[in-house]
Amino acid sequence: MSFYSDLGLKPVINAATTFTALGGSLMPEEVLEAMRDAAGSFVDMHDLHLAAGKRLAELTRNDAAYATSGCAAALVLALLGIRSKGDPRVLREFPGRDLAPSEVIMHAAHRIPYDAAIAMSGVTIRQIGNIQQTFDWELEAAITEKTAAVLYVAGSHLPQVALPLSEVVRIAKSRGVPVIVDAAAQLPPMENLWHFTREAGADVAVFSGGKALRGPQASGLMVGNAEIIEAARQNGAPFQRWARAMKAGKEEVAGLVAAVERFINLDHAALHGQWLATVDAWREGLRGLDGVSPHAELLNEAGQPVPRLYVGMTDSGRAARALAELEGASPRVAVLPDLRNGTAHGFWIGPDLLQDGEAQIVQDAVRSAITN
Ligand SMILES: *Cc1c(COP(=O)(O)O)cnc(C)c1O
């Protein structure tokens, strides 16, 4: 904490979620140790990427894997890999619209604020469907010789009007078009590390290293098809090519490997039990307050099985004041506000990012904010 306070910054207790704007997540000791270890000596970065990729592939039961500087970077790199097939002539011609496919197909229901990563790889988005429905013929008709890939954003929190992934894979495969799954925040369950690529048939899946994996904030994981992953790697640092700006350093690579290894070996059921116990304790502790209805939810904001408490409030002025008070507190208690239609209805608090002793601080701060 002292580095932040030296800069005059307020500490934050994160009862919201793995927001990049709050620092993502906190690295456990094993991850910090791996980074410290890697920081202590030089290494051939090409060899490191290949060896770490091999280890990450084994850990995640995939054919191949690649450590990147974030999930958004992994999206850029996967698309550059697919477009260039690793061929330096295409890379030199970047954005090489004459030589490389220039469109990515996305469901309207999958448009997210991370779309900028797609433009950065030199392609445009061709949208299918709308926010109410999508037909399989729309995907069939959208595939042309310009199509680089279909980008499928995973998660039950999205409007459930996209084609099922299995249908997308079937149609895309039949036309020789690769499918990339953006699964940045789709952990847990741990099985998703191999589900999309090994079971659902996608060519590539990309994850944030700095969210539930608790790796370095600036790390990401790409898994899947070995040819695409090698072609992606050909675009990244230490090659002085198009994605050189998205460098994952030796420390990030080491931290990501340690984080994935730790995540795979976690007792996820026990962890889930602890989270449920915290949410139950919060619900008990916040019971019986006038105009406040706390209730447990089993899925987090990304639709994943991480329980949280929804603190609904009938008076929106009071809810807005409570949010302001939590934000102004020291330490600040970050929560996920419910601002539907621009009006404060309450907020969610989650147990998964808390340090020892913080659950009680969160409960006390919330109680004080909603009763003041
Ligand atoms: C967080 C997120 C990203 C970006 O991940 P970084 O690791 O921060 O680059 C991309 N897509 C989705 C769906 C996300 O939730």
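Residues numbered from 1 in each chain as written. Predicted model: local features only at pLDDT ≥ 70, side-chain atom pairs only at ≥ 80, totals over all residues. Heavy atoms only, no water.

- The chain carries the name Aminotransferase class V-fold PLP-dependent enzyme in an unreviewed UniProt entry, which gives Pseudarthrobacter psychrotolerans as its organism.
- Database annotation for the chain, UniProt heading Cofactor (unreviewed entry): "pyridoxal 5'-phosphate".
- Among the UniProt annotations of the chain, the heading Sequence similarities (unreviewed entry) holds the following wording: "Belongs to the SelA family." (UniProt positions renumbered as here; feature names shortened; annotations may be inferred.)

## Structural notes on the UniProt feature "modified residue: N6-(pyridoxal phosphate)lysine" (unreviewed entry) in the chain
Point 1. Mapped onto this structure's residue numbering, the UniProt feature "modified residue: N6-(pyridoxal phosphate)lysine" (unreviewed entry) falls at Lys211.
Point 2. As for its placement among the helices and strands, lysine 211 is situated in the loop between strand 7 (204-208) and strand 8 (220-224).
Point 3. You can call lysine 211 buried: its relative accessible area is 12%. (Helix = DSSP H or I, 4+ residues; strand = E, 2+ residues; numbered from the N terminus. Buried < 20%, exposed > 50% of the residue type's maximum accessible area, 1.4 Å probe, protein only.)

## Points about the site of the ligand
Point 1. Close contacts around the ligand come from Thr20, Gly70, Cys71, Ala72, Ile112, Tyr114, Asp182, Ala184, Ser208 and Lys211, and that covers them all.
Point 2. The separation between an oxygen atom of the ligand and a polar main-chain atom of cysteine 71 is 2.8 Å.
Point 3. Side-chain polar atom of lysine 211 to an oxygen atom of the ligand: 2.7 Å apart, as the coordinates give it.
Point 4. For the ligand, whose free accessible area comes to 390 Å², the fraction covered by protein is 85%.
Point 5. Here the residues of the shell around the ligand sort into five nonpolar, three polar and two charged. (Near = heavy atom within 4 Å. Polar contact = N/O pair within 3.5 Å; in protein donor to acceptor, adjacent residues only side chain to side chain. Areas by Shrake-Rupley, 256 points an atom, 1.4 Å probe, with all protein chains shown as cover. Nonpolar A, V, L, I, M, F, W, Y, C, P; charged D, E, K, R; others polar.)

## Here we look at the sheet that holds strand 10 (residues 308-313)
Point 1. Here four strands make up an open sheet; going across it, the order is 9-10-13-12 and the pairing antiparallel. Since the sheet does not close on itself, it has two edges, and those belong to strand 9 (292-297) and strand 12 (336-338), each with one partner. Going from strand to strand, the sheet's axes swing by 20 degrees on average, the running direction of each strand aside.
Point 2. As paired elements, strand 12 and strand 13 (residues 346-349) share three bridges and run antiparallel to each other. (Pairing = 2+ DSSP bridges. Axes fitted to C-alpha atoms, helices over the stretch in contact; angles between N-to-C directions.)

## Thoughts on helix 11 (residues 250-265)
Point 1. Helix length check: helix 11, at 16 residues, gives a terminal C-alpha distance of 23 Å against a target of 22 Å (1.5 Å per residue), a fit within 8%.
Point 2. Among the residues of helix 11, Val253, Ala254, Gly255, Leu256, Val257, Ala258, Ala259, Val260, Arg262, Phe263 and Ile264 are the ones counted as buried. (Expected span 1.5 Å × (residues − 1).)

## Focus: the nonpolar core
Point 1. One finds Leu139, Val179, Val181, Phe207 and Leu221 to be the most contacted residues of the largest nonpolar core, which totals 44 residues.
Point 2. Take this core: its biggest share by element is six residues, from helix 11.
Point 3. Among all residues touching phenylalanine 207, those that are not within four sequence positions of it are Cys71, Ala183, Ala184, Leu187, Asn192, Leu193, Phe196, Gly220, Leu221 and Val223.
Point 4. Counting residues in hydrophobic clusters, the runner-up holds 33 residues, among them Ala117, Ala148, Ala184 and Met222. (Core = buried A, V, L, I, M, F, W, Y, C linked by side-chain atoms within 4.5 Å. Contact = heavy atoms within 4.5 Å.)

## What to know about the domain arrangement of the chain
Accessible area lost when the parts come together is the quantity often used to give the size of an interface.
Point 1. Here the chain is partitioned into domain 1 (2-21 + 267-371) and domain 2 (42-265).
Point 2. Computed over C-alpha atoms, the centres of domain 1 and domain 2 are 32 Å apart.
Point 3. When the two sides are added together, the surface that domain 1 and domain 2 hide from each other amounts to roughly 1000 Å², 52% of it contributed by carbon and sulfur.
Point 4. Of all residues in domain 1, the largest losses of buried area upon contact with domain 2 belong to Thr18, His268 and Gln304, amounting jointly to 48% of the total for that side.
Point 5. On inspection of domain 1 and its partner domain 2, the count reaches seven residue pairs in polar contact (both at pLDDT 80 or more).
Point 6. Its residues assigned to classes, the side of domain 1 that touches domain 2 shows five nonpolar, five polar and two charged. (Domains from an automatic or database assignment. Buried area = accessible area lost by both parts, 1.4 Å probe.)

## Concerning the pairing of strand 6 (residues 179-182)
Point 1. Of the two faces of strand 6, the one lined by Val179 and Val181 and the one lined by Ile180 and Asp182 are each fully buried.
Point 2. Sheet topology places strand 5 (residues 147-153) next to strand 6; four bridges connect them, and they run parallel. Note that in strand 6 the partner of valine 150 across the bridge is valine 179.
Point 3. By the bridge criterion, three bridges tie strand 6 to strand 7 in an arrangement that is parallel. Its bridge partner lying in strand 7, aspartate 182 is registered against valine 206.
Point 4. Where the polypeptide runs from strand 6 across helix 9 (residues 192-199) and back to strand 7, its parallel neighbour, the crossover connection is right-handed. (Right-handed = clockwise from strand over helix to strand, strands pointing away.)

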